[in-house]
Amino acid sequence: MAPPVGSVRWRNWGGNQQAVAVDVRVPGSVDEVAALVKEAVATGRRVKAVGSGHSFTDIAVADDQRLHLHRLAAPLSVDGHLVTVQAGMPLYALNTLLADRGLAVPNLGDIDAQTVAGAISTGTHGTGLGHSTLASVVESVTLVTGSGTVERIDASSPLFPAARLGLGALGVMVEVTLRCVDAFTLCADERPMALRDVLAGLDEHLATNEHVEFYWYPYTDRAQLKRNNPVAGSDRPLSRFRGWLDDEFLSNTVFGAVCRLGRAVPATVAPISAVAARALTARTYTARSDQVFCTPRRVHFTEMEYEIPRAALPEVLGALPGIIERLPFKVQFPVEVRFTGADDVWLSHGYGRESAYVAVHQFTGSPYEPYFRAVEAVCAPLGGRPHWGKLHYRDAESLRPAYPHFGDFLAARDQLDPSRVFTNPYLDRVLGP
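Thresholds applied
Residues numbered from 1 in each chain as written. Predicted model: local features only at pLDDT ≥ 70, side-chain atom pairs only at ≥ 80, totals over all residues. Heavy atoms only, no water. Helix = DSSP H or I, 4+ residues; strand = E, 2+ residues; numbered from the N terminus. Areas by Shrake-Rupley, 256 points an atom, 1.4 Å probe, with all protein chains shown as cover. Lys, Arg positive; Asp, Glu negative; His and termini not counted. Charge placed at Lys NZ, Arg CZ, Asp CG, Glu CD. Contact = heavy atoms within 4.5 Å. Pairing = 2+ DSSP bridges. Axes fitted to C-alpha atoms, helices over the stretch in contact; angles between N-to-C directions. Salt bridge = Lys/Arg side-chain N within 4 Å of Asp/Glu carboxyl O. Buried < 20%, exposed > 50% of the residue type's maximum accessible area, 1.4 Å probe, protein only. Expected span 1.5 Å × (residues − 1). Arc of directions from axis to C-beta. Phe/Tyr/Trp six-rings, centres within 6.5 Å; stacked < 30°, edge-to-face > 60°.

Enquirer: Help me understand the overall build of the protein chain, please; the structure alone is not making it clear to me.
Expert: Regarding its fold elements, the protein chain presents 14 helices and 20 strands. Considered along the principal axes of its C-alpha atoms, the protein chain spans approximately 60 × 50 × 40 Å. Accessible surface, the protein chain: about 16,900 Å² in total, of which carbon and sulfur atoms supply 54%. For the protein chain, the distance from the average position of its 41 positive side-chain charges to the average position of its 46 negative side-chain charges is 5 Å.

Given below as structure tokens:
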């Protein structure tokens, strides 16, 4: 059995969650995970598996036994487009593994530091009406359940719609099989525009482009529209200097300095946002798909993201300027808007409908709760569903009507973890004790 490594203080990437576990285990095999869970059941303890800490909620907070899975990060098999890996593998390692074999994940979010298990289990998604969450490309998962048994769950099991996006509530995910596609190149077209022009052309952009998203800069009428489409080859790569200038120096080094200034001197935020929005320049380039989807994020922040029915987006965007103007502090980050198609994963934010996602952020260490609560107050009555890994203030009572299969998911939880070995305060809140 994996030996304990001592009491270790844990802190998430955003810096807003921390915990000290009674002990920390780092298993090196599925059998070791199963033995740890069986021991926990026998002694009445709780176990919480932790990924890379990229969730802003307390979904990964462990106050009893914390399980790190970074030793379970190996590739297991490649069978055509079906790729099986251990669940502790980070997405950036998965992307490299796939590229070396001429494969790719069909869609990704903009951060690749999460573990495969963490990304799947919280509903990580990219953008594009022909795509949904990363969980939608899962062909099977292997869980260590609440009894310590190892169970492979695929489409032949009635538990499959629950297990693909399980919040860590059903078991410890140790292996996953993904349905991948042939490797592809994307052409990225990014250009500043007036927000009204982005919105006026949005239906056309979504109908004629594979992946569409945009950013709105608070205190301005400016936005940045991003469209990514598959192309035959990479004939317009960014120069090394332009890539460093845009994605490292400006987006991280300079932006981090600007955020620190804005936190110290709030009066500078609005004029800097106006200058930054006007200073944006267009760029078009080609690159390997994951290198377009994912960008480095070295400026830390806290985030809330709400899925809403696509038709509700104008109402939410219309409310945002007033919300931001009334806050007792300034908002330093742009608002991100993405889109997905419907899927059939029970706790997927996009279950059963085309979705728009509205993400609001604040620089780490800056106040955020009044901002996030005000946005939630607009989104929730519209049928909005909060991203499971992003901050929100909902509970089981308010979430149940938002998910048609909420009760079915709870029944799956009762079957796979009847003793609640894997629960924590977050799961007690959003699923019920």
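Enquirer: Hey, could you run me through the environment of L170 in this one?
Expert: You can see L170 is positioned in the loop between helix 4 (160-163) and strand 11 (172-179). Sequence separation of L170 and A274 is 104 residues, and the distance between their C-alpha atoms is 46 Å. Those residues in contact with L170, other than ones at most four positions away along the chain, are L143, T145, G146, A162, A163, F409, A412, R413, L416 and F422.

Enquirer: I tried to follow the sheet that holds strand 9 (residues 138-144) on my own but got confused; where do I start?
Expert: Pairing between the strands of a sheet is mediated by backbone hydrogen bonds and can be parallel or antiparallel. The five strands are arranged 6-7-11-9-10 in an open sheet whose pairing can be described as antiparallel. The sheet is open, and its two borders are formed by strand 6 (75-79) and strand 10 (150-154), each paired with just one other strand. Across the sheet, the axes of successive neighbouring strands diverge by a mean angle of 15°, strand direction being ignored. In the sheet, strand 9 pairs with strand 10 via five bridges, with the strands oriented antiparallel. When the sheet's bridge partners are listed, V141 is paired in strand 10 with I153. Seen against the sheet, helix 2 (residues 91-100) touches strand 6, strand 7 (82-86) and strand 11 and runs at an angle of roughly 145° to strand 7.

Enquirer: When you look at the sheet that holds strand 20 (residues 385-386) in this model, what are you seeing that I'm missing?
Expert: Taken in spatial order, the eight strands of this open sheet run 16-13-15-14-18-19-17-20, and their pairing is antiparallel. At either end of the open sheet lies a strand with only one pairing partner, and these are strand 16 (283-288) and strand 20. With nine bridges connecting them, strand 17 (residues 301-309) and strand 19 (residues 355-363) associate as antiparallel partners. Across the sheet, T302 pairs through a bridge with Q362, a residue of strand 19. Taken strand by strand, helix 11 (residues 369-379) contacts strand 17, strand 18 (335-340) and strand 19, and its axis lies near 5° from that of strand 17.

Enquirer: How should the pattern of salt bridges be read in this particular structure?
Expert: For side chains bearing opposite charge, pairing can occur when the charged atoms are close. For the structure on display, the rule yields 24 salt bridges. In this structure, R152 engages D154 in a salt bridge whose closest nitrogen and oxygen atoms are separated by 2.8 Å. For R164, the salt bridge is made with D344, and the minimal N-O distance between the two is 2.9 Å. Of this pair, R164 sits in the loop between helix 4 and strand 11 while D344 is found in the loop between strand 18 and strand 19, placing the two residues 180 residues apart along the sequence. Classification of R164 by relative accessible area gives buried; the value is 7%. Judged by its relative accessible area of 48%, D344 is partly exposed. Each of the salt bridges in this network shares a partner with another, and the network as a whole consists of D23, R25, E39, R45 and D64.

Enquirer: How should I be thinking about the side chain of H361 in this particular structure?
Expert: One can find H361 in strand 19. Looking at H361, the relative accessible area reads 6%, which means it is buried. Aside from chain neighbours lying at most four places away, what touches H361 is F301, T302, E303, V331, F333, P334, E336, Y371 and F372.

Enquirer: Would you mind showing me how to read helix 1 (residues 30-43) here?
Expert: Residues three or four positions apart in an α-helix share a direction because the helix packs 3.6 residues into each turn. A rise of 1.5 Å per residue sets the reference length of helix 1, with its 14 residues, at 20 Å; its end C-alpha atoms lie 20 Å apart and thus fit the reference within 8%. Among all positions of helix 1, only V30, V33, A34, L36, V37 and A40 are buried. For helix 1, the angular spread of the buried residues around the axis is 160°, confining them to a single face. Helix 1 presents D31, A42 and T43 as exposed residues on the side facing more than 90 degrees away from its buried surface. Buried residues along helix 1 sit in contact with strand 3 (23-25), strand 4 (47-50), strand 5 (65-68), strand 9, strand 10 and strand 11. A positive phi of about 75° marks G44, the residue just after helix 1.

Enquirer: In this structure, what is going on with the environment of V345? I would like to understand it.
Expert: The residue V345 is located in the loop between strand 18 and strand 19 in this model. Of the residues examined, V345 reaches a relative accessible area of 0% and is grouped as buried. Excluding residues that lie within four positions of it along the chain, V345 makes contacts with A135, S136, P161, R164, L165 and Y351.

Enquirer: What is the right way to read the packing of aromatic side chains from this model?
Expert: Two numbers describe a pair of aromatic rings. These are the distance of the centres and the angle of the planes. Under the defined criterion, the tally for this structure stands at eight aromatic pairs. When the centroid spacing of 6.3 Å and the interplanar angle of 80° are considered together, the rings of W13 and F56 count as edge-to-face. Of this pair, W13 sits in the loop between strand 1 (9-11) and strand 2 (18-20) while F56 sits in the loop between strand 4 and strand 5, placing them 43 residues apart in sequence. The buried category is assigned to W13, whose relative accessible area is 15%. Connected via pairs of aromatic rings, a cluster forms that spans W13, F56, F301 and F333.

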